[in-house]
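Fold and contact review
Each chain is listed here by its residues.
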Amino acid sequence: MKRIITLALIFSIFTASIFAQEDDEPDIYIDDYEYLQNGPGDQFLKIELGAIFPLNFDGKLYPGVVATIGYYRFLTGWLALGGEISVSSQFSIGNKALFMVPITFGAMFQPTIKKFEFPIFITAGIADHTWANSTYFPAFTLKAEAGAFYRFTESWSFGLLSYFMWSVESPWKDENKGKDYHGLFQTASLAARYHF
């Protein structure tokens, strides 16, 4: 009986090896994962430092400095919503200081080419203006901004930004009725963004 079981076991092993399929083709692994630099839910902080240039003051206001910090969250791979706050300082030919603090909210559209990103921002909000010891608040502010960035790592990108800003003093205030108080400004800044 032991011999019959042993022979049956050996026979079954040889039979299994005869009918086993040989697979000489390499294993094929289909990787359909696509890496996206930005996706829904991604966020970034933006820090800018640069120069601000007055456009409609007939040479009576000198260029100054501007710093901006912003936060944006992506809704899609190319569209984000957020806001930012800027602080700028300029001096007039009479050595009077103009300080502006605009707080704006809006959207960013960002096309990308490999590691290069080209953000376009449209934001609106209000600003606080201080001129010659007088404060003007709120001033309606509209900003249009564009730039170019290079994504050095997954978390950091660096680039250049420039925005055009139109700021209007409150026309509904009694002292501003019938007067046209508006300023046009252009900036040029170095910027860094932290992505998370």
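Before reading on, note that the structure itself is shown above.
Residues numbered from 1 in each chain as written. Predicted model: local features only at pLDDT ≥ 70, side-chain atom pairs only at ≥ 80, totals over all residues. Heavy atoms only, no water.

1. Concerning the overall build of the protein chain
Of the regular secondary structure elements, the protein chain holds one helix and 10 strands. Taken from N to C terminus, the helices and strands of the protein chain fall in the order α-β-β-β-β-β-β-β-β-β-β. Here the protein chain, with 196 residues, has 33% of them falling under the buried criterion. Contacts in the protein chain between residues far apart in sequence, at least 24 positions, make up 58% of those at least 6 positions apart. On the protein chain, roughly 12,800 Å² of surface is accessible, and the fraction owed to carbon and sulfur atoms is 67%. (Helix = DSSP H or I, 4+ residues; strand = E, 2+ residues; numbered from the N terminus. Buried < 20%, exposed > 50% of the residue type's maximum accessible area, 1.4 Å probe, protein only. Contact = heavy atoms within 4.5 Å. Areas by Shrake-Rupley, 256 points an atom, 1.4 Å probe, with all protein chains shown as cover.)

2. Concerning the packing of aromatic side chains
Applying the stated criterion to the full structure yields 12 aromatic pairs. The interplanar angle of 40 degrees and the centroid separation of 5.5 Å between the aromatic rings of phenylalanine 57 and phenylalanine 185 together place this pair among those described as tilted. Of the two residues, phenylalanine 57 sits in the loop between β1 (43-54) and β2 (64-74) while phenylalanine 185 sits in strand β10 (residues 182-195), which places them 128 residues apart along the sequence. You can call phenylalanine 57 partly exposed: its relative accessible area is 27%. Arranged with centres 4.9 Å apart and planes meeting at 80 degrees, the rings of tyrosine 150 and phenylalanine 152 form a pair that is edge-to-face. By relative accessible area, tyrosine 150 is classed as partly exposed at 30%. Through pairs of rings, three or more aromatic residues link up here, namely Phe116, Tyr150, Phe152, Trp156, Phe158, Tyr194 and Phe196. Sitting above the plane of the tyrosine 163 ring, lysine 143 keeps its charged end 4.2 Å from the centroid. The ring of phenylalanine 149 has arginine 193 sitting right over it, with the charged end atom 4.1 Å from the ring centre. (Phe/Tyr/Trp six-rings, centres within 6.5 Å; stacked < 30°, edge-to-face > 60°. Lys NZ or Arg CZ within 6 Å of the ring centre and 35° of its normal.)

3. A closer look at the pattern of salt bridges
Evaluated as defined, the whole model comprises six salt bridges. Among the ionic pairs, glutamate 117 bridges to arginine 151, the shortest N-O distance being 2.9 Å. Residue glutamate 117 is located in strand β6 (residues 116-117), and its partner arginine 151 is located in strand β8 (residues 134-151); the two are separated by 34 residues in the primary sequence. The salt bridge partner of arginine 193 is glutamate 117, with a shortest N-O separation of 2.6 Å. Within this pair, whereas arginine 193 is found in strand β10, its partner glutamate 117 is found in strand β6, the two being separated by 76 residues in sequence. Like glutamate 117, arginine 193 is buried. Members of the salt-bridge network, linked through shared partners, are Lys46, Glu48, Glu84, Lys143 and Glu145. (Salt bridge = Lys/Arg side-chain N within 4 Å of Asp/Glu carboxyl O.)

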